[in-house]
Amino acid sequence: MKPGTGLRRVVSEDESMTDTGRPDTILLNMGPQHPSTHGVLRLLIELEGEKVVNITPIIGYLHRGFEKITEHRTYIQIIPLTDKLDYVSSMANNMAYVKAVEDLMGIEVPERAEYIRVTVLELQRIASHLLALGSLGNDLGMPFTLMMYTFREREMILDLFESLSGARLGYNYMRIGGVAEDLPLGFKDMTIDFLRFLEKKIDEYEDFIYENEIFRMRTEDVGVLKAGEAVNLGATGPVLRGSGVRLDIRKEDPYSVYSELDWKIVTGRKGDCLSRVLVWINEMRMSVDIVEQALQNMPPGPVKAKVPRVLRPEGEVYSRIESPRGELGIHLIGDKTTTPYRLKIRSPAFCNLSILPHIAKGVLIADLIAILGTLDPIFGEVDR
Amino acid sequence: MRSTGEVSEVELMELLNPELYIKLLTNPFIRGLAGALIVAAIISLAVLLLIWAERKFVARLQHRYGPNRAGKFGILQTLADGVKLFLKEDIVPESVDRIVYTLAPILCFSIALLPFVAIPLEKNLIVANVNAGILFILAVASLGVIPVIMAGWGANNKYNLLGGMRAAALMISYEIPAGLAIIGVLIISGSLNLVDIVEGQKDGWYIFPQFLGFITFLTVAFMESSRPPFDLPEAESEIVQGWTTEYGSVKFALLMFGEYTHAVLASILISILYLGGWLGPFAPSGFWLVLKTLIVMLFLMWMRAAVARIRIDQMLNIGWKVLVPLALLNIGIAGVIRFV
């Protein structure tokens, strides 16, 4: 039996899933209900003792037919749908979609709106990385310690977003040609206060990881993804940068006002779980910087461009942004009707998840969970 | 005696005769039964309170409140959880090996309570003052892994199996350092009797000459009670609930209870072997033992909130490559201290 093909054959032919075709291995079904598959991932693992010989991710348990639904909705009605894509970073999804429509129709967005967008996008990136870090703590078996800490800060970001949009998870804040509302009174001061607080806490997290011998034992040199491999396997976002590849859509294909702000791409060195975690941490620091600059340089003015009520774009566009998880692309085809002809989402979580079988071969179950935690898939986005 | 309920005067006098009671009290069977019941009651109560204390303490470390609904400060939470578990339907999955599956929780519970009969709370407060007390405790405590493997195998679930196998691997690598660590104490005290060991610490606790042994035994305590960072057999994020995955209701309560008493036992042993047991000024002696045990327990709880889980190969490395040499070195130190 060729490696990699075996499990698939077993699954398709025999749903009882007891046989791996080898006497010394067992087939373990992990998920879709499992404490640390980050939602509804199902993994079929061929185990030799504790060692993972073969692994097949099975996805689709959260498939909602998102791309098809958009074909029956008007362009504006699609924005709240995007909230539910990557449900822990709705702002980024909002942005990816509205940017695609703006690119397609050539809409000029007012500068203030762009600055507000960058502010909320970077806050969203912080919130998302905090969540990823917290759930990695759970995966590594220190239930809820790290998670409760990171959720404390994430909660503050959610409060800020609540003051912006009224919602805490699905914000529906971006609009085609701008944002829904201007920043509420006092938002800037509250955000600056929060950033001061967060900076201290990020240092604490770094200490928590570097000073914690066991945390390092569990993440250092585990799940190594070499730079070349990362590129070939289509890694993106923190996973790619953790392997030392300096690629970030915010620099590569600048959108909004990222090119006017002063910031650097954060990269790791070794490509193991620890460097991916450190990319999260340093990216949070960088995001703090960006938010501060955006708030300082924010010009007055309108927050929404004049856009026709009924949008009938024509043409084809692929527009991409750097979501917290990587390159989030929207391929949009308009056919001069009120609904898109086709909307395809290039999901970073899906691309990163597809690396799992390649780097999790020959590791122990515990490492598999750690690797999965650092790949940070969100199933709303993987399955769409 | 007639069964009609009529009691003649002679028989009444016989019942009031104090010698009867002395005879009853000196009867080894009755004494043993009474002692066992007392131990079971005390340990059950202590575990109920300790689980609450742990949840509360860990919650505070983790920036949350912990139980605060049932009773004052949520102190009845464990009781409520226990009642809930006992009232639940006892589901037995279809594919299990019924005998092994049912026997495991019972064995786990009873074996967990057994070592406590040989634990002295005070010089004279002991159910069974076994001459080789420490040997008895170690022997019985190491039986504790058998129900774990039974639960892992009998439930016919792969997660249970993995948990049971992990427990077996864990057991092999902690039993040897545990025994070796204790040998140091035995060399210095010159006795296997726990009472003698504590009385021998009048001039100084064994933690000072036996620091390496203390460290080894403390690490072993984590492994023995399979608490974080060595909670591999029930690693929730990896193998769901490990060896207890297929268990519910009363059976699960018994398994969890049995597991928890291991931690209590380990803490008591540490305070007896290394921290001078009930020795201490002012307060009654039992108080000191309880206090020391609680402090060790607190350390176990603290670690649960502070560190990640160790991987199985790393755990085996620690057992064989770190703890065994450390314990051997410790024996050498003990020998030098004893004979110089």
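Residues numbered from 1 in each chain as written. Chains lettered and ligands numbered in written order. Predicted model: local features only at pLDDT ≥ 70, side-chain atom pairs only at ≥ 80, totals over all residues. Heavy atoms only, no water.

Colleague: Before we go on, may I ask you to explain the overall build of chain A in this structure?
Modeller: Summing up its helical and strand segments, chain A has 16 helices and 8 strands in all. Whereas a compact globule of 384 residues would reach a radius of gyration of roughly 21 Å, chain A reaches 21 Å, a difference of no more than 12%. Its C-alpha atoms put chain A at 70 × 50 × 35 Å along the principal axes. Buried positions account for 61% of the 384 residues belonging to chain A. The contacts in chain A between residues at least 6 apart in sequence include a share of 71% that link residues at least 24 apart. With the model as given, the accessible surface of chain A reaches about 14700 Å², and the carbon-plus-sulfur share is 51%. When the 46 positive and 55 negative side-chain charges of chain A are each reduced to one mean point, those points stand 3 Å apart. (Helix = DSSP H or I, 4+ residues; strand = E, 2+ residues; numbered from the N terminus. Rg over C-alpha atoms; globule rule 2.2 N^0.38 Å. Buried < 20%, exposed > 50% of the residue type's maximum accessible area, 1.4 Å probe, protein only. Contact = heavy atoms within 4.5 Å. Areas by Shrake-Rupley, 256 points an atom, 1.4 Å probe, with all protein chains shown as cover. Lys, Arg positive; Asp, Glu negative; His and termini not counted. Charge placed at Lys NZ, Arg CZ, Asp CG, Glu CD.)

Colleague: Please explain the overall build of chain B as it appears in this structure.
Modeller: Helix and strand counts for chain B come out as 14 helices and 0 strands. Listing every helix and strand of chain B by position from the N terminus yields α-α-α-α-α-α-α-α-α-α-α-α-α-α. Compactness check: chain B gives a C-alpha radius of gyration of 22 Å against a globular reference of 20 Å for 340 residues, within 12% of the reference. If one aligns the C-alpha atoms of chain B with their principal axes, the spans along those axes are about 75 × 65 × 40 Å. Taken over 340 residues, chain B has a buried fraction of 50%. A fraction of 75% describes how many contacts in chain B between residues 6 or more apart in sequence connect residues 24 or more apart. Surface summary for chain B: the accessible area is close to 16400 Å², and the carbon and sulfur share equals 71%. Averaging the positions of the 24 positive and the 24 negative side-chain charges in chain B gives two centres separated by 9 Å.

Colleague: Which parts of the structure should I look at to understand the sheet that holds strand 8 (residues 340–346) of chain A?
Modeller: The strands that make up a sheet pair up through hydrogen bonds in the backbone, lying either parallel or antiparallel. Residues and elements named next belong to chain A. With antiparallel pairing, the 3 strands of this open sheet are ordered in space as 6-7-8. Unpaired on one side and paired on the other, strand 6 (314–323) and strand 8 mark the two borders of the sheet. Going across the sheet, the axis of each strand differs from the next one's by a mean of 10 degrees, ignoring polarity. In terms of strand pairing, strand 6 meets strand 7 (residues 326–335) through 10 bridges, oriented antiparallel. Across the sheet, Ser323 pairs through a bridge with Gly326, a residue of strand 7. Packed onto the sheet, helix 4 (residues 90–105) meets strand 6, strand 7 and strand 8 and runs at close to 150 degrees relative to strand 6. (Pairing = 2+ DSSP bridges. Axes fitted to C-alpha atoms, helices over the stretch in contact; angles between N-to-C directions.)

Colleague: Mind showing me how you'd approach the sheet that holds strand 1 (residues 26–30) of chain A here?
Modeller: Strand order in the open sheet formed by 3 strands is 1-2-3 (chain A), with antiparallel pairing between adjacent strands. Looking at the sheet topology across the chains shown, the edges are occupied by strand 1 and strand 3 (51–58) of chain A. Between one strand axis and the next, the sheet turns through 20 degrees on average, direction left out of account. Taken together, the 7 bridges between strand 2 (residues 42–48) of chain A and strand 3 of chain A define a ladder with antiparallel strand orientation. In the sheet register, Glu46 of chain A faces strand 3 of chain A, and the bridge partner there is Asn54 of chain A. Where helix 15 (residues 365–375) of chain A meets the sheet, it contacts strand 1, strand 2 and strand 3 of chain A, and its direction lies at approximately 150 degrees from that of strand 2 of chain A. Its contacts with the sheet put helix 8 (residues 158–189) of chain B on strand 1 and strand 2 of chain A, and the angle it makes with strand 1 of chain A is roughly 110 degrees.

Colleague: I would appreciate a short explanation of the environment of Val52 of chain A in the present structure.
Modeller: Residues and elements named next belong to chain A. For Val52, the position within the fold is in strand 3. Taking the C-alpha atoms as reference points, Val52 and Tyr75, separated by 23 residues in sequence, lie 45 Å from one another. Among residues more than four places away in sequence, those in contact with Val52 are Ile45, Glu46, Leu47, Ala360, Lys361, Gly362, Val363, Leu364, Ile365 and Leu368.

Colleague: Got a minute to help me understand helix 8 of chain B in this structure?
Modeller: Residue pairs three or four apart in sequence face the same way in an α-helix, which turns once every 3.6 residues. All names here are of chain B. In a regular helix each residue adds 1.5 Å, so 32 residues correspond to 46 Å; helix 8 covers 46 Å between its end C-alpha atoms and thus fits that length. Counting buried positions along helix 8 gives 23 out of 32 residues, so the element sits mostly inside the fold. The N-cap of helix 8, judged by a side-chain oxygen 2.7 Å from the amide nitrogen of Tyr159 a few residues on, is Asn157. With its phi angle positive at about 70 degrees, Gly190 sits one or two positions after the end of helix 8. (Expected span 1.5 Å × (residues − 1). Polar contact = N/O pair within 3.5 Å; in protein donor to acceptor, adjacent residues only side chain to side chain.)

Colleague: I'm lost on the packing of aromatic side chains in this one. Help?
Modeller: Here the distance between the centres and the angle between the planes together describe a pair of aromatic rings. Under the definition given, this model contains 11 aromatic pairs over all chains. Summarising the aromatic geometry, the rings of Phe161 of chain A and Tyr171 of chain A are spaced 4.8 Å apart at their centres and angled 75 degrees between planes, so their arrangement reads as edge-to-face. One end of the pair, Phe161 of chain A, is in helix 6 (residues 145–165); the other, Tyr171 of chain A, is in the loop between helix 6 and strand 4 (174–175), and 10 residues separate them in sequence. Across this residue pair, the class does not change: Phe161 of chain A and Tyr171 of chain A are buried. Connected via pairs of aromatic rings, a cluster forms that spans Phe211, Phe214, Phe217 and Tyr274 of chain B. Note that Arg154 of chain A overlies the ring of Phe151 of chain A, its terminal NZ or CZ placed 5.2 Å from the centroid. One cation-aromatic arrangement involves Lys251 of chain A over Trp263 of chain A; the distance from NZ or CZ to the ring centre is 4.4 Å. (Phe/Tyr/Trp six-rings, centres within 6.5 Å; stacked < 30°, edge-to-face > 60°. Lys NZ or Arg CZ within 6 Å of the ring centre and 35° of its normal.)

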